[in-house]
Amino acid sequence: MASTACFVIVSKNDIPIYEAEVGSAPKKEDLAHQHQFILHAALDVVQDLAWTTNAMFLRSVDRFSDLVVSVYDSVVHTRFMLLHDPRSDDGIKSFFQEVHELYIKIFLNPLYLPGSRITSSHFDTKVRALARKYL
Amino acid sequence: MADFLFLTVEDVSDLWLNVKESFEGRVPVKKACLNNKARNPVFVDNLPAEFIQTTDSRLRSRFPQEQYLFWFREPYATVVLVTCEDLDEFKTILKPRLKLIVQNDEREWFIVFVSKAHPSNDQASKMAKKVYARLEADFNTKKRERCCKFDLHGPDAEFWDDFDSKMVDCIRNTLDRRVQFYEEEIRRLSEQRFTPIWNFCNFFILKESLAFMFEMSNLHEDSLREYDELELCYSESVTSPGKHREFGGLDTGDDQAALLNPGFKALTQIVQDDVFREFEFRQYIFACQAKLLFKLSRPIEVAARGHAFVVGFSKTLALHENSLPFCFREVWVITACLGLIKSTTSHYDGGAVSIDTDKEFYRLQGDLYSLCRIKFMRLAYLIGYGVEIEKSPVNSASLSMLPWPKPATWPSIPPDSSAEVMEKEKMVLQAKSREKLFDIHRKPLPLEPSLLLREANRRRAFLSVGNLSELYDSADGSGLDANSKLSPNRSASNFMTRTMSGPATSETSLPVDRPMRLSEIHVAAEHALKQTISDPDFMSSLSSVEEFEKRYMELTKGAADNYHRSWWKRHGVVLDGEIAALFFKHGNYDLAVKSYEKVCALYSAEGWEELLADVLPDLAECQKILNDEAGYLASCVKLLSLDSTLFSSKERQAFQSEVVRLAHSEMKYLVPLDVSSLITFAGSAGPPLELCDGDPGTLSIVVWSGFPDDITLESLSLRLSASSSADEGIKAIKSSDSHVLKPGRNTISFDIPPQKPGSYVLGALTGQIGKLSFRSHGFSQDGPVETDEFMSFETPTRPVLKVRKPRALVDITPAVSSALLMNELQWIGLIVKPIDYSLKGGILHIDAGAELKIEESQMIEIEHYRGDVEHASSADSSAEAGRVEKIPIENGKIKLPDWASDVTTLVWFPVRAIDDTIARGESPASPQKQSVVDGMRMIALKLEFGVFHNQVFERTIAVHFTNPFHVSTRVVDKCNDGTLLLQVILCSEVKATLHVKDVQLDLQSGFEHLGKGDGRPASSLFPLVVAPSSRAGILFIIRLSGTKDLDEVENADSMLNIKYGISGDRTTGAHSPVPAQVGDSEELLFKIALRLKRPVLDPCLAVGFLPFSTDSLRVGQLVNMKWRVERLKTPEDSNISSDEILYQVDANPQNWMVAGRKCGHVSLSNEQGSRMEITVTCIPLVSGYVHPPQLGLPEVGEVNISCNPAGPHLVCVLPPALSTSYCIPAA
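Sequence order as written defines residue numbering, which begins from 1 separately in each chain. Whichever chain is written first becomes A and whichever ligand is written first becomes 1, with later ones labelled in order. Local features in a predicted model are, by the rule used here, given only for residues with pLDDT of at least 70; side-chain atom pairs are given and counted only at 80 or more, and totals for whole chains, interfaces and linings are based on all residues. No hydrogens and no water enter the side-chain calculation; it runs on all heavy atoms of the structure.

Further remarks concern the overall build of chain A. Each helix corresponds to a stretch of at least 4 residues labelled H or I by DSSP, and each strand to a stretch of at least 2 residues labelled E; elements are numbered beginning at the N terminus. Regarding its fold elements, chain A presents 3 helices and 5 strands. If you list the helices and strands of chain A from N to C, you get β-β-α-β-β-β-α-α. Taking all 135 residues of chain A together, 53% fall into the buried category. Here the contacts in chain A between residues at least 6 apart in sequence split such that 55% fall between residues at least 24 apart. Roughly 6,100 Å² of accessible area belongs to chain A as shown, and the carbon and sulfur atoms make up 51% of that amount. Exposure classes here rest on a 1.4 Å probe applied to the protein chains alone. A residue is buried below 20% of its type maximum, exposed above 50%, and partly exposed in between. Here, two residues are considered to be in contact whenever any of their heavy atoms come within 4.5 Å of each other. Values of accessible area rely on a 1.4 Å probe in the Shrake-Rupley scheme; residue burial ignores everything except the protein chains shown.

The extent of an interface is frequently quoted as the accessible surface area lost upon association of the parts. Tallying the contact residues gives 35 residues for chain B and 31 residues for chain A. Once two parts are joined, some of their accessible surface, as seen by a 1.4 Å probe, is lost; buried area is that loss totalled over both. Looking at the side of chain B facing chain A, the largest losses of area belong to Met401, Arg570 and Trp608 of chain B, adding up to 27% of the total buried there. Salt bridges are identified by distance alone: a Lys or Arg side-chain nitrogen within 4 Å of an Asp or Glu carboxyl oxygen. Run the count over chain B and chain A and you get 2 salt bridges. The salt bridge involving Arg570 of chain B is made with Asp44 of chain A; its shortest N-O contact spans 3.0 Å. Throughout this description, a polar contact denotes any pair of N or O atoms lying within 3.5 Å of each other; where both atoms belong to protein, one of them has to be capable of donating a hydrogen while the other can accept it, and for residues adjacent in sequence the pair is counted only when both atoms sit in side chains. Our count for the chain B to chain A interface comes out at 12 residue pairs in polar contact (both at pLDDT 80 or more). Only Asp, Glu, Lys and Arg are considered charged in this grouping, and only Ala, Val, Leu, Ile, Met, Phe, Trp, Tyr, Cys and Pro are considered nonpolar; every other residue, Gly among them, is considered polar. Here the side of chain B that touches chain A is composed, by residue class, of 16 nonpolar, 8 polar and 11 charged.

All names here are of chain B. Between N-to-C directions, angles cover 0 to 180 degrees, with each direction set by a line fitted to C-alpha atoms, over the stretch in contact for helices. Where helix α12 (residues 328-347) meets helix α13 (residues 355-382), the closest approach of the two axes is 9 Å, and the angle between their N-to-C directions is 150 degrees. As judged from the angle between their axes, α12 and α13 are roughly antiparallel. Handedness of the α12/α13 crossing: left-handed. Residues Arg329, Glu330, Val331, Val333, Ile334, Cys337, Leu338, Leu340, Ile341, Thr344 and Thr345 of α12 lie in contact with α13, whose contacting residues are Phe361, Gln365, Leu368, Tyr369, Leu371, Cys372, Lys375, Phe376, Arg378 and Leu379. Relative orientations are named as follows: roughly parallel for angles under 35 degrees, roughly antiparallel for angles over 145 degrees, roughly perpendicular for angles from 65 to 115 degrees, and oblique for any other angle. A clockwise turn of the near helix away from the far one marks a right-handed crossing, whereas an anticlockwise turn of less than a right angle marks a left-handed crossing.

All names here are of chain B. It is at 7 Å that the axes of helix α7 (residues 200-216) and helix α8 (residues 220-239) come closest, and there the two elements cross at 165 degrees. Between α7 and α8, the crossing angle belongs to the class labelled roughly antiparallel. Handedness of the α7/α8 crossing: left-handed. Within the contact between the two elements, α7 uses Phe200, Phe203, Phe204, Lys207, Glu208, Leu210, Ala211, Phe214 and Glu215 and α8 uses His220, Asp222, Ser223, Glu226, Tyr227, Glu229, Leu230, Cys233, Tyr234 and Ser237. Within the contact of α7 with α8, the residues separate by chemical class into 10 nonpolar, 3 polar and 6 charged.

Note that Gln36 of chain A resides in helix α1 (residues 29-49). Using a relative accessible area of 4% as the deciding quantity, one classes Gln36 of chain A as buried. Within the structure, Gln36 of chain A has its side chain in polar contact with the side chain of Glu610 of chain B (distance 3.5 Å). In this structure Gln36 of chain A touches Glu19 of chain A together with Trp608, Glu610 and Leu611 of chain B, once residues within four positions along its chain are discounted.

Listed below in structure tokens is the structure:
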């Protein structure tokens, strides 16, 4: 498992609707702050990149120092963004794909309003489990 | 040597000076077609070239080996300039000489024959032509023409084209040959690549020569490719394992990046063994590439490559950091970035590029600026300006992930620097961490990857390990203990702890094993940097805090502006925040607010609350200082509405108290404020409140307050908006509840005045806190809202109120359908039927119309109504069924009891219809027309109901009253003795059984009863029961009394008094009257007037119409009309005793022609039984049924004549016979 990993789901309006620090490194509050900043800034890159490809998995779109931002463009322009240490794409891709499945399930929930915050604890648990598995 | 192509001129006939000017006018060659490396034709514009004579010193000075190296600089073409005016001379002298010149195959050449002949001189021109023809014959080959003719006196345009093409041909051929040669050489060398004898320098010389040649020929693309290949090759050779090579970068001025200046150092200076020093050579290659790219007008690519190069090379520098001066890497990156920015911007005009390219360019500029900025901050931090750097997420993220420089040994503190150490010490002490507004205490974000103190001391080789561990192995590893050891007397604020500033000591020289203090580290670093940095301008920007901030601002602004131009708004806005922080620090609050607002707007729009929470307090502080109440309040509200986990409850309480304080302070004006994110509201769960038209209601709304504490509101009102129309046509509805909002969920009810029909959704919630009028549009979702509110404008808002269209809420119908008794106290039933609406508290106004009186002395009866559709099966209804409640009526008002509010009830109230006229009976003599309207009485009803008696139901009902009987009379028989049998027919008018108990007839004068004379009928059948709608007859025996007073007889009435009883159900109609007083007999009296007419007098004459003598009457045929007149009795009156009677025949002259006397006297004796006949002859004029002529006796009253037939009659007249019209047959 990667020491640093911050996973964020961003709605099509660029609003974060789910956030999770999934790294194994001990959580520091200042780091979370930085991660947010890096992920937010990476949206600039994503917005340029998203229209140039058909692929959902945009791979690593941005680097910040030693950290890499990988992005997966899910349904309705919901973007999964993962800040992580440099590593191979395969695990990240699998992680994204499985989270995508989970997200679709959330999306199909009639009580879930697309674009609103994901508050399901089940989702959270699953995502963390996936992070342990793949990252 | 200039970078020109050389073209040599072989001046055979000393002509050069004559033509020099015009020849040099042809260079640079405007358009040339050359072959590139791939042997494809490429058109090159403005190919620079220079003509030199073969005798030029530049060609001679070279050594042979040099010529090999600089072969690419050898002339590309030889122009042989000749003239000759004589054929012989040409043959003998010129031709052998030219042969000699051109026999060298290596050279490309062509001959320019200069004709000196003047055009007017025909002879000379001819000669010149001849010679030129000869020349062509000798030197032109089939493949190639090498001659052209130049007219000294006015060359034509064709010549120059010819000249140019020949020149370009030569250049191209030479170039091709040389490229081929170089390529072969390079290939040869490449094959030896992995052999020990291989030498990069040789390879480089060939490669660069080729590149240079291309560059000279304006084939920049090819040249660039050569350099790229060279770079690749170099990278491979330099990374190949082998002996240790020098890296370079140790010369003075090396800290200033030379990546755009290929001539910074001579190549010979950087060559080492068989390869070049990496530091210099890489920059050199990049500089060459950049130069070519600029020539190709591709500054964007320079920026892109440059950024990559700087980043890559920075890593390379990191590998060699041990051997390089302190912070060399950082300084180099800064200068490189600045250089790149400067040169690319100056080359970039941004004119004819696509928008994407434009964005890309500015993004690269932004990247370069921000890279430069980070490195600059790192240097500044090292020399102690860290306290001045804003600890924002961007700075923290950039710097804390950037490792410290790793010099072999950390620079030590120079001697005699105690003053400087003091200075730094002071600076650190004076700088206080800024107290944030609202007492927000947050751990400042780190600007360092690890503690500088530890890092610096660790790298001091001579520091003993023991000391280190003693210094840092404290419990939390933060160096707190170390600090307290060094400065036990100093209060250890958080910041102090980290910077670990000790007291200034007087000792100037450090003991060797004592670790440096932070201020000492700063001083040492500054001194070391002074050694490293060669650019005085750069050094000066680090010389003081002010200078540093100036440069820092410059870089930040540059980065922000460029990011904005590249549409990377997030990058740009973040840096705007940094600019704002600096403005803020310098008290430039106006500008700071502007920038902070941009940052906050972005974060808040995109919902990145953690980042927003970081800058928003700063914005609020600026606004507070600027006295921008509205903005400050908005910021406070925004702070409150952020996720509650982002701030401690104490901080949130501070926000709230600030809002409240401001709201109640002396603000001049009402400040409007949008608190949509803080106070949200929604309709309560469940179906919407439904109201009937015109009804007020109470709507309860759930309001979520985001305030951490209770908050008192001056007022709270709600706006509803009709879902059908967009406008908020409804005025605000004030809440009557107490105005304290608890944190979290509150239920507030609003009294809603009557609204127009339609459905309504929640509009806005407005209210006032002190002078602050707030407004919220935030709709929270139903159910419990999470800690963070979520606004969704996509969901259709649920209607909270539905006002139905106007409809009948109640129906009142009369319960009886048939007529009631007139003049008696009767119950009128009203069916009051609520239609899904409660009539609670309803008041029924009953307004009886004219001739109708409500007996208020009586109680109203209300009972449960059982309609025929309803079933009495349910126990409930049967229990209710029997219930009859009596309630009083006052002023025509009835209050409906509560139990009756939801059920259909029957309201009985007593009325008396008044009819003053006396009923009249009907007889054949006086037929009577009975009008239904006569018995109609109107009752106006008004029911007020609803919560506020706002609903009104009005109806006028008609009730039919009638007499119990309809009476008619007839004379059944007339006896000979003058008695009359008078039959009185009673016809029941009501739907109830009538019991006639007694009947008495008071006869009018002129009539009298026979027999007992008590006015009773002939036979006593009483009581007589008359069923509804049936008739009964009563026979009276009367006779005419002998009165003669006719007037009296005519005007008087007989009265029929009927005593009767009634048994009927009030639900169906007439019933026994309500007893006005207890004990009233149930016997009723009905009086009716009858008018009896005396029978007609006895006729004294009878007139009979005798039948016709013929069977049929025909038009035009004479017929005798005969009447027989008979005296029936002897006239008593002596006045008319004459025995003559006047007769008169009336006939319609259109139908009849009377052919005889129409009137006259006939004699008739006065004796009874005397008779006579009157005959009148007539002719019918029309056919058909017509009235026959009538015989009248004018002197005898009509009453005295009995006619037979009694009334007018018709006779049939046939049409005339066909052939005998108007002819009377002879027979």
